[in-house]
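What the coordinates show
Residue strings, one per chain:
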Amino acid sequence: MAHWLLKSEPSSWSWDQQVKAGAKGTFWNGVRNHSAKLNLMAMKKGERGFFYHSNEDKAVVGIVEIIKIYYPDHTDETGKFGMVDVKAVKALKKPVTLAEIKSEPRLKDMVLVNNSRLSVQPVTDEEWRVVLEMAGEKA
């Protein structure tokens, strides 16, 4: 199974809001970048992703699970973009900041380090393991 990183500004949609959505989860909409769209399209039900607070916190704060695969985004008037549904799985014991990720040599090739603006990103198995280790979690 693949791993992902999904970015959200806490002032727009925070980890706490994701948790409050419960088991039914929420749609992950508003993506308007074609590379991010392709990543959404590649997601499979049951795969997991890091929930990343962008701009204000700049940190991986939790883990989400894909619960519904790609379908049309009702907020896209062009009809070109879609979304997936995600649910919160767990908060990380310790958030892992962008600065910490950038300072970890094993993560030098991570998309977040090299293309930090991309809102939906793939994460390799090794990167997943390293970030969890940094957060004090077991892979």
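Attention here is on the structure that accompanies the text.

Within strand β3 (residues 48–53), five of the six residues are buried, which leaves the element mostly enclosed by the surrounding structure. As paired elements, β3 and strand β4 (residues 59–72) share six bridges and run antiparallel to each other. Paired with Phe 50 across the bridge in β4 is Ile 63. Counting the residues that bridge the hairpin from β3 to β4 gives five residues, and of these Asn 55 lies at a positive phi of roughly 60°.

Moving on, we come to the packing of aromatic side chains. Two descriptors summarise a pair of aromatic rings, namely the distance from one centre to the other and the angle between the planes of the rings. If you walk through the whole model with that rule in mind, you get three aromatic pairs. Ring geometry for Trp 15 against Phe 51: centres 5.4 Å apart, planes inclined by 70°, an arrangement best described as edge-to-face. A residue pair is termed long-range when its members are at least 10 positions apart, and Trp 15 in helix α1 (residues 15–20) and Phe 51 in strand β3 qualify at 36 residues. Consider the rings of Phe 50 and Trp 128, whose centres lie 4.0 Å apart with planes at 20°: the pair is stacked. Linking Phe 50 in strand β3 with Trp 128 in helix α5 (residues 125–134), this pair joins segments that are 78 residues apart in sequence. We note that Phe 50, like Trp 128, is buried. Taken together, the ring pairs connect Trp 15, Trp 28 and Phe 51 into an aromatic cluster. In this structure, Lys 37 packs its charged tip against the face of Phe 81, placed 5.6 Å from the ring centre. In this structure, Lys 68 packs its charged tip against the face of Tyr 71, placed 3.9 Å from the ring centre.

Parameters and conventions
Residues numbered from 1 in each chain as written. Predicted model: local features only at pLDDT ≥ 70, side-chain atom pairs only at ≥ 80, totals over all residues. Heavy atoms only, no water. Buried < 20%, exposed > 50% of the residue type's maximum accessible area, 1.4 Å probe, protein only. Helix = DSSP H or I, 4+ residues; strand = E, 2+ residues; numbered from the N terminus. Pairing = 2+ DSSP bridges. Phe/Tyr/Trp six-rings, centres within 6.5 Å; stacked < 30°, edge-to-face > 60°. Lys NZ or Arg CZ within 6 Å of the ring centre and 35° of its normal.

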